[in-house]
Amino acid sequence: QVQLVESGGGLVQPGGSLRLSCAASGSISSINAMGWYRQAPGKQRELVASITNGGGTDYGDSVKGRFTISRDNAKNTVYLQMNSLNAEDTAVYYCNAVSRVGFLKRKELNYWGQGTQVTVSS
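All figures in this text were calculated on a predicted structure; none of them were measured in a lab.

Enquirer: Teacher, can you tell me more about the environment of S121 here?
Expert: Relative to the assigned elements, S121 resides in the segment after β11 (116-120). Among the residues examined, S121 registers a relative accessible area of 38% and is labelled partly exposed. In this structure, the C-alpha to C-alpha distance between S121 and V2, residues 119 residues apart in sequence, is 34 Å. Once residues lying within four places of it in the same chain are set aside, the contact partners of S121 are L11, V12, Q13 and P14.

Enquirer: Where do I start with the state of the cysteines in this structure?
Expert: Put plainly, a disulfide is one covalent bond tying together the sulfur atoms of two cysteines. Scanning all chains against the criterion turns up one disulfide. A sulfur-sulfur separation of 2.0 Å characterises the disulfide bridge that pairs C22 with C95. Its torsion about the S-S bond being -85 degrees, the disulfide of C22 and C95 is classed as left-handed. Here C95 lies in strand β9 (residues 91-101) and C22 lies in strand β3 (residues 18-26), a separation of 73 residues in the sequence. Both residues of the pair, C22 and C95, belong to the buried class.

Parameters and conventions
Residues numbered from 1 in each chain as written. Predicted model: local features only at pLDDT ≥ 70, side-chain atom pairs only at ≥ 80, totals over all residues. Heavy atoms only, no water. Helix = DSSP H or I, 4+ residues; strand = E, 2+ residues; numbered from the N terminus. Buried < 20%, exposed > 50% of the residue type's maximum accessible area, 1.4 Å probe, protein only. Contact = heavy atoms within 4.5 Å. Disulfide = S-S within 2.5 Å.

Shown next as structure tokens:
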């Protein structure tokens, strides 16, 4: 079992920066990848950024060049550095972890945090 707790959300002005943190606990060794998703009112949840245990990263098109995902293995924490924020970045941001368990690691489990609100407004 994996538990995820997000922090760092809040109100920021357009053009500003914010850093989100996601602390993982529980069966940390089972985690294969972690990432951030977001959901704005009336819109589908979308991938923001992800990072695998091997260090590979992926970003949503709307945040490329502005957001950076990183991890601190010693603290079991993943970060999302958000720069050049605009109003379209306003959403609830959710931390996600993917674990591989079971025989031959065939079973894939997804874990989600409760979310943290990011509001970009002048």
